[in-house]
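Commentary on secondary and tertiary structure
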Amino acid sequence: MSGIPSGTRLGAPLPSRAGPPGDDGGRTNQAGPGADVGLATRTRARPKKPSQFRVLMLNDDYTPMEFVVIVLKRFFQMDLEQATRVMLHVHQKGVGVCGVFPYEIAETKVNQVMDFARKHQHPLQCTLEKA
Ligand code: TYC
């Protein structure tokens, strides 16, 4: 383990871009050859790419297969074939990926699925995990 958070971009200089006075886009804090100290903490000229989250569907014994297919089509824009494949994967393996999204979108989808399942009185569970 390097101690550098995953997602930290090493080496590649940032494209130059106008910023506040004294902001050089982080270049002055870039370490020299062989030294990675400072790279993880340097000032960012631009916000980080939002981290991604997998939305997971969990199997249960009671939710009808047809309902899960409807959910996958409605909230994850899958066609019938894709939705059926993912539903069967979850049915057989216990868990499956519905999609990968920035946090707020992933969280919204989880809530939409859970609300929809509750409204139809099915115990279907959906959750998210960092990708
Ligand atoms: N196991 C359910 C059944 O046999 C079907 C099912 C599939 C339920 C996927 C949930 O995420 C799920 N009716």
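Residues numbered from 1 in each chain as written. Predicted model: local features only at pLDDT ≥ 70, side-chain atom pairs only at ≥ 80, totals over all residues. Heavy atoms only, no water.

Before going further, it helps to spend a moment on the packing of helix 1 (residues 65–76) against helix 2 (residues 80–93). Any two packed helices are characterised by the angle at which their axes cross and by the distance between the axes. At a closest axis distance of 9 Å, the pairing of helix 1 and helix 2 adopts a crossing angle of 125 degrees. If you check the angle between helix 1 and helix 2, you find them oblique. Along this stretch, helix 1 crosses helix 2, giving a crossing that reads as right-handed. Contacts between helix 1 and helix 2 involve Met65, Val68, Val69, Leu72 and Lys73 from the former and Leu80, Ala83, Thr84, Val86, Met87 and His91 from the latter. For the contact of helix 1 with helix 2, the residue count by class is 8 nonpolar, 2 polar and 1 charged. (Axes fitted to C-alpha atoms, helices over the stretch in contact; angles between N-to-C directions. Helix = DSSP H or I, 4+ residues; strand = E, 2+ residues; numbered from the N terminus. Parallel < 35°, antiparallel > 145°, perpendicular 65-115°, else oblique. Left-handed = near helix turned anticlockwise from the far one by under 90°. Contact = heavy atoms within 4.5 Å. Nonpolar A, V, L, I, M, F, W, Y, C, P; charged D, E, K, R; others polar.)

Inspection of the secondary structure assignment puts Asp60 in the loop between strand 1 (52–58) and helix 1. A distance of 2.6 Å separates the side chain of Asp60 from the backbone nitrogen of Thr63, its partner in a polar contact. In this view, Asp60 contacts Pro123 and Leu124; residues no more than four positions away in its chain are not counted. (Polar contact = N/O pair within 3.5 Å; in protein donor to acceptor, adjacent residues only side chain to side chain.)

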